[in-house]
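Listed below, chain by chain, are the residues.
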Amino acid sequence: MLNYLKILLIAGVAAICSFGACNKEKAEEPPQTQTTLFERLGGIDTISALVDQFIVNIAGDEIINTRFAPTISDPARARLFRLNLIDQICAGSGGPCTYKGLTMKAAHKEMNITQAEFDALVGDLVSALDQLNVGEIEKKELLRILGPMQAEIVSR
Ligand code: HEM
């Protein structure tokens with residue numbers, strides 16, 4: 001009889017656990033950790049719109065817009081720059097893109113970019129993120145991905 005009760009008890013616990021009630025950690029995990037930053041940003045459409053706004057902001061930024069004048073005034077060059085930025089943000093945030101451009105070191109070589117210029121460009125990106133109503137968490141995550149590139153870009 002005692003053995004029969006034991007078997008019933010074990011079977012009962014196993015049944016409850018199989019419905020997930022025993023896996024406390026899994027049940028409490030926030031859904032956010034299961035999706036990539038790419039997905040939470042809104043995918044390729046939001047990233048494309050973000051890059052477009054970013055370029056508009058750069059073009060209007062008196063601290064750095066002369067740097068980008070040759071790029072912006074040449075449609076083929078502007079198109080490639082835009083696509084490289086989209087791929088870079090898409091790939092960096094866990095999306096299904098491959099960045100095919102130069103390394104940050106090679107792309108900015110001999111440009112003598114200053115810290116003030118770098119900060120201005122990051123400011124233009126932050127403005128674009130705000131203009132597109134990107135959430136604070138996603139904004140910080142994206143800046144945390146791009147921020148370390150500073151070491152390869154700023155050279156004076
Ligand atoms: C986190 C900061 C930055 C990122 C992620 C970034 C990203 C890029 C990328 C992806 C390219 C294209 C590379 C290629 O053609 O293969 C590029 C090119 C370029 N970047 Fe940056 N950049 C940053 C900061 C800056 C700053 C601070 C400046 C100057 C103020 C700057 C000026 C340029 C210029 C002039 C080009 C050449 C564009 C062209 O091809 O005509 N970048 N950058």
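Use the structure listed above.
Computed from a predicted structure; not experimentally measured.

So, how was this worked out
Residues numbered from 1 in each chain as written. Predicted model: local features only at pLDDT ≥ 70, side-chain atom pairs only at ≥ 80, totals over all residues. Heavy atoms only, no water. Disulfide = S-S within 2.5 Å. Buried < 20%, exposed > 50% of the residue type's maximum accessible area, 1.4 Å probe, protein only. Near = heavy atom within 4 Å. 1 Å grid on protein atoms, 1.4 Å probe; cavity = no way out; pocket = protein on both sides within 12 Å on 5 of 7 lines; lining within 4 Å. Sits in = over half its atoms within 2 Å of the grid points. Helix = DSSP H or I, 4+ residues; strand = E, 2+ residues; numbered from the N terminus. Points joined across faces, edges and corners; volume = space filled by probe spheres on them. Nonpolar A, V, L, I, M, F, W, Y, C, P; charged D, E, K, R; others polar.

### Some points on the state of the cysteines
For step 1, the next point in the chain: Tallying each qualifying case throughout the model produces 1 disulfide.
For step 2, the next point in the chain: Linked covalently through their sulfurs, Cys90 and Cys97 form a disulfide whose S-S length is 1.9 Å. Between Cys90 and Cys97, the S-S dihedral sits near 80°, and the bridge is therefore right-handed. We note that Cys90, like Cys97, is buried.

### Observations regarding the site of the ligand
For step 1, the next point in the chain: Lining the immediate environment of the ligand, one finds 23 residues, of which Phe68, Thr71, Arg77, Leu102 and His108 sit closest.
For step 2, the next point in the chain: Using a 2 Å cut-off from the grid points, one finds that the ligand occupies the largest pocket.
For step 3, the next point in the chain: Counting residues per element, the ones that place at least two in the shell around the ligand are α5 (65-72), α6 (75-92), α7 (104-107) and α8 (115-131).

### Side note on the layout of surface pockets
For step 1, the next point in the chain: Its volume calculated, the largest pocket comes out at about 950 Å³.
For step 2, the next point in the chain: Taken together, 31 residues form the lining of the largest pocket, with Phe68, Phe81, Leu85, Ala107 and His108 sitting closest to its centre.
For step 3, the next point in the chain: Of all elements in the fold, only α4 (43-59), α5, α6, α7, α8 and α9 (136-146) reach the threshold of two or more residues within the lining of the largest pocket.
For step 4, the next point in the chain: Looking at the lining of the largest pocket, the element that brings in the most residues is α6, giving 7 residues.
For step 5, the next point in the chain: Residue composition of the lining of the largest pocket, grouped by class: 22 nonpolar, 6 polar and 3 charged.

Take it as geometry only, folks, not as evidence of what the structure does.
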